[in-house]
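Read off the chains here:
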Amino acid sequence: MAYDRNNIFARILRSEIPCQKVYEDVHVLAFSDIRPQAPVHVLVIPKGEYVSLDDFAAKAPAAEQAAFVAAVGKVARQLGLTEAGYRVLANHGADAGQEVPHFHVHIFGGKRLGRMLPRE
Ligand code: AMP
(Lines give C-alpha, C1' and ligand atoms only; values in the text may rest on other atoms or scores of the structure.)
Protein backbone atom coordinates (compact mmCIF):
# COMPACT_ATOMS: atom_id res chain seq x y z
CA MET A 1 0.00 0.00 0.00
CA ALA A 2 1.41 3.40 -1.02
CA TYR A 3 1.68 6.09 1.63
CA ASP A 4 -1.13 8.69 1.39
CA ARG A 5 0.40 12.10 2.13
CA ASN A 6 -3.04 13.52 2.87
CA ASN A 7 -3.86 11.17 5.75
CA ILE A 8 -4.88 12.96 8.93
CA PHE A 9 -1.65 12.25 10.82
CA ALA A 10 0.46 13.52 7.90
CA ARG A 11 -1.58 16.72 8.09
CA ILE A 12 -0.99 16.94 11.85
CA LEU A 13 2.76 16.52 11.23
CA ARG A 14 2.64 19.41 8.73
CA SER A 15 0.68 21.49 11.33
CA GLU A 16 -2.23 21.79 8.88
CA ILE A 17 -4.55 20.61 11.60
CA PRO A 18 -4.01 20.97 15.34
CA CYS A 19 -3.30 18.29 17.91
CA GLN A 20 -2.94 18.21 21.67
CA LYS A 21 0.80 17.56 21.75
CA VAL A 22 2.21 15.42 24.54
CA TYR A 23 5.79 14.86 23.34
CA GLU A 24 7.99 15.61 20.35
CA ASP A 25 11.54 14.85 19.32
CA VAL A 26 13.39 14.66 16.02
CA HIS A 27 11.85 11.31 15.04
CA VAL A 28 8.54 11.15 16.91
CA LEU A 29 5.35 13.05 17.78
CA ALA A 30 2.87 12.03 20.48
CA PHE A 31 -0.57 13.59 20.96
CA SER A 32 -3.90 12.86 22.65
CA ASP A 33 -6.39 10.70 20.79
CA ILE A 34 -9.41 12.77 19.73
CA ARG A 35 -11.83 10.01 20.82
CA PRO A 36 -10.22 8.67 24.01
CA GLN A 37 -11.06 5.09 24.96
CA ALA A 38 -9.40 5.29 28.41
CA PRO A 39 -8.67 8.11 30.90
CA VAL A 40 -5.27 8.39 29.21
CA HIS A 41 -5.19 7.65 25.46
CA VAL A 42 -2.19 8.96 23.56
CA LEU A 43 -0.97 8.20 20.03
CA VAL A 44 2.72 7.97 19.24
CA ILE A 45 3.72 8.35 15.59
CA PRO A 46 7.02 8.44 13.70
CA LYS A 47 7.66 11.56 11.63
CA GLY A 48 8.65 9.39 8.64
CA GLU A 49 6.14 8.20 6.06
CA TYR A 50 5.15 4.66 7.08
CA VAL A 51 1.70 3.20 6.48
CA SER A 52 1.63 0.80 9.40
CA LEU A 53 3.74 -1.21 11.80
CA ASP A 54 4.55 -3.65 9.01
CA ASP A 55 5.85 -0.86 6.76
CA PHE A 56 7.81 0.71 9.65
CA ALA A 57 9.36 -2.61 10.68
CA ALA A 58 10.33 -3.43 7.09
CA LYS A 59 11.61 -0.02 5.95
CA ALA A 60 12.55 2.30 8.82
CA PRO A 61 16.27 2.57 9.58
CA ALA A 62 17.30 0.89 12.83
CA ALA A 63 17.97 4.26 14.48
CA GLU A 64 14.38 5.39 13.77
CA GLN A 65 12.96 2.13 15.09
CA ALA A 66 15.05 2.38 18.26
CA ALA A 67 14.10 6.04 18.73
CA PHE A 68 10.43 5.13 18.36
CA VAL A 69 10.51 2.42 21.03
CA ALA A 70 12.47 4.70 23.36
CA ALA A 71 9.92 7.47 22.82
CA VAL A 72 6.98 5.19 23.66
CA GLY A 73 8.60 4.37 26.99
CA LYS A 74 9.45 8.03 27.59
CA VAL A 75 5.91 9.21 26.84
CA ALA A 76 4.39 6.62 29.19
CA ARG A 77 6.82 7.70 31.90
CA GLN A 78 6.03 11.38 31.24
CA LEU A 79 2.31 10.57 31.55
CA GLY A 80 2.94 8.96 34.95
CA LEU A 81 1.70 5.55 33.82
CA THR A 82 4.75 3.41 34.42
CA GLU A 83 4.08 2.38 38.01
CA ALA A 84 0.37 1.57 37.68
CA GLY A 85 0.69 0.11 34.20
CA TYR A 86 -0.44 0.79 30.67
CA ARG A 87 -1.19 -0.92 27.37
CA VAL A 88 0.42 -0.31 23.98
CA LEU A 89 -1.49 -1.32 20.87
CA ALA A 90 -0.86 -1.05 17.13
CA ASN A 91 -3.45 -1.87 14.48
CA HIS A 92 -2.20 -3.08 11.10
CA GLY A 93 -4.64 -3.54 8.25
CA ALA A 94 -8.27 -4.45 7.86
CA ASP A 95 -8.67 -7.27 10.39
CA ALA A 96 -7.31 -4.99 13.10
CA GLY A 97 -9.54 -2.11 11.96
CA GLN A 98 -6.70 0.32 11.23
CA GLU A 99 -8.35 3.66 10.41
CA VAL A 100 -5.44 6.00 9.81
CA PRO A 101 -2.80 4.84 7.30
CA HIS A 102 0.19 6.37 9.11
CA PHE A 103 1.90 4.05 11.60
CA HIS A 104 0.89 4.79 15.18
CA VAL A 105 0.75 3.08 18.52
CA HIS A 106 -1.91 3.76 21.10
CA ILE A 107 -0.94 4.12 24.76
CA PHE A 108 -3.87 3.43 27.10
CA GLY A 109 -3.82 3.94 30.85
CA GLY A 110 -5.32 5.57 33.88
CA LYS A 111 -7.56 2.67 34.93
CA ARG A 112 -7.67 -1.13 35.05
CA LEU A 113 -7.87 -1.94 31.36
CA GLY A 114 -9.48 -5.35 31.56
CA ARG A 115 -9.10 -8.10 29.00
CA MET A 116 -6.74 -7.61 26.11
CA LEU A 117 -9.51 -8.43 23.62
CA PRO A 118 -13.27 -8.55 24.24
CA ARG A 119 -14.82 -12.00 24.35
CA GLU A 120 -16.34 -13.03 21.01
P1 AMP B 1 -6.51 3.13 14.38
O2 AMP B 1 -7.87 2.51 14.38
O3 AMP B 1 -5.50 2.31 15.12
O4 AMP B 1 -6.07 3.55 13.00
O5 AMP B 1 -6.65 4.43 15.27
C6 AMP B 1 -6.81 5.71 14.76
C7 AMP B 1 -7.04 6.62 15.95
O8 AMP B 1 -6.84 7.95 15.53
C9 AMP B 1 -8.44 6.54 16.55
O10 AMP B 1 -8.36 6.16 17.92
C11 AMP B 1 -8.98 7.96 16.37
O12 AMP B 1 -9.78 8.38 17.46
C13 AMP B 1 -7.70 8.78 16.26
N14 AMP B 1 -7.81 10.04 15.54
C15 AMP B 1 -8.38 10.26 14.33
N16 AMP B 1 -8.26 11.55 13.98
C17 AMP B 1 -7.57 12.15 14.98
C18 AMP B 1 -7.12 13.49 15.20
N19 AMP B 1 -7.36 14.47 14.33
N20 AMP B 1 -6.46 13.76 16.35
C21 AMP B 1 -6.23 12.78 17.25
N22 AMP B 1 -6.62 11.50 17.10
C23 AMP B 1 -7.28 11.19 15.98
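Nothing here was measured: the structure is a model prediction, and the numbers come from that model.

Engineer: Quick one: what's the story with unusual backbone geometry, residue by residue and with numbers?
Structural biologist: The phi dihedral of Ser 15 is positive, around 60 degrees, even though this residue is not glycine. Within the secondary structure, Ser 15 sits in the loop between helix 1 (8-13) and strand 1 (21-24).

Engineer: Help me get a handle on the site of the ligand, residues and values and all.
Structural biologist: If you check the shell around the ligand, you find 16 residues, and the closest are Asp 33, Asn 91, Glu 99, His 104 and His 106. Between the ligand and the protein, one listed contact pairs an oxygen atom with a backbone N or O atom of Glu 99 at 2.7 Å. A distance of 3.0 Å separates an oxygen atom of the ligand from a polar atom in the backbone of Val 100. Look at the ligand: alone it shows 500 Å² of surface, and the protein chains cover 91% of it. With respect to the detected pockets, the ligand is housed in the largest pocket. Taken together, the elements giving at least two residues each to the shell around the ligand come down to helix 1 and strand 2 (28-32). If you tally residues by element for the shell around the ligand, the top one is helix 1, at 3 residues.

Engineer: Give me the lowdown on the nonpolar core, citing residues and values where you can.
Structural biologist: Counting 18 residues, the largest nonpolar core has Tyr 23, Ala 30, Val 44, Phe 68 and Val 75 as its most contacted members. For this core, the secondary-structure elements that each account for two or more residues are strand 1, strand 2, strand 3 (40-46), helix 3 (62-78) and strand 5 (105-109). Counting residues per element, this core draws most heavily on helix 3, which supplies 4 residues. Tyr 23 has contacts with Val 28, Leu 29, Ala 30, Ala 71, Lys 74, Val 75 and Gln 78, leaving out every residue within four places of it along the chain. If you look at the next biggest cluster of nonpolar residues, it comprises 7 residues, including Ile 12, Phe 31, Leu 43 and Ile 45.

Engineer: Describe the pairing of strand 5, naming the residues involved and giving the relevant values.
Structural biologist: Here strand 5 lies mainly inside the structure; 5 of its 5 residues are buried. Burial of the side chains of strand 5 extends over both faces: Val 105, Ile 107 and Gly 109 are buried on one face and His 106 and Phe 108 on the other. Summarising the sheet, strand 4 (residues 86-89) and strand 5 pair through 4 bridges and their orientation is antiparallel. Following the sheet pairing, Leu 89 is matched in strand 5 by His 106.

Engineer: With reference to specific residues and values, describe the pattern of salt bridges.
Structural biologist: In this structure the tally under the stated criterion is 7 salt bridges. A salt bridge links Arg 14 to Glu 16; its shortest N-O distance comes to 2.7 Å. Of the charged contacts in the structure, one is a salt bridge between Glu 24 and Lys 47, with a shortest N-O distance of 2.7 Å. A residue pair is termed long-range when its members are at least 10 positions apart, and Glu 24 in strand 1 and Lys 47 in the loop between strand 3 and helix 2 (53-59) qualify at 23 residues.

Engineer: Which residues make up the layout of surface pockets, and what values go with them?
Structural biologist: Its volume calculated, the largest pocket comes out at about 640 Å³. Taken together, 24 residues line the largest pocket, and the ones lying closest to its centre are Asp 33, Arg 35, Leu 43, Glu 99 and His 106. If you list the elements that add at least two residues to the lining of the largest pocket, you get helix 1, strand 2 and strand 5. If one sorts the elements of the lining of the largest pocket by residue count, helix 1 sits on top with 3 residues. Of the residues in the lining of the largest pocket, the class split is 13 nonpolar, 8 polar and 3 charged. Quantified by volume, the second largest pocket comes out at close to 160 Å³. Every residue lining the second largest pocket is listed: Gln 37, Ala 38, Arg 87, Leu 89, Phe 108, Lys 111, Leu 113, Arg 115, Met 116, Leu 117 and Pro 118. Counted by class, the lining of the second largest pocket contains 7 nonpolar, 1 polar and 3 charged residues.

Reading guide: rules and limits
- Residues numbered from 1 in each chain as written.
- Predicted model: local features only at pLDDT ≥ 70, side-chain atom pairs only at ≥ 80, totals over all residues.
- Heavy atoms only, no water.
- Helix = DSSP H or I, 4+ residues; strand = E, 2+ residues; numbered from the N terminus.
- Near = heavy atom within 4 Å.
- Polar contact = N/O pair within 3.5 Å; in protein donor to acceptor, adjacent residues only side chain to side chain.
- Areas by Shrake-Rupley, 256 points an atom, 1.4 Å probe, with all protein chains shown as cover.
- 1 Å grid on protein atoms, 1.4 Å probe; cavity = no way out; pocket = protein on both sides within 12 Å on 5 of 7 lines; lining within 4 Å.
- Sits in = over half its atoms within 2 Å of the grid points.
- Core = buried A, V, L, I, M, F, W, Y, C linked by side-chain atoms within 4.5 Å.
- Buried < 20%, exposed > 50% of the residue type's maximum accessible area, 1.4 Å probe, protein only.
- Contact = heavy atoms within 4.5 Å.
- Pairing = 2+ DSSP bridges.
- Salt bridge = Lys/Arg side-chain N within 4 Å of Asp/Glu carboxyl O.
- Points joined across faces, edges and corners; volume = space filled by probe spheres on them.
- Nonpolar A, V, L, I, M, F, W, Y, C, P; charged D, E, K, R; others polar.

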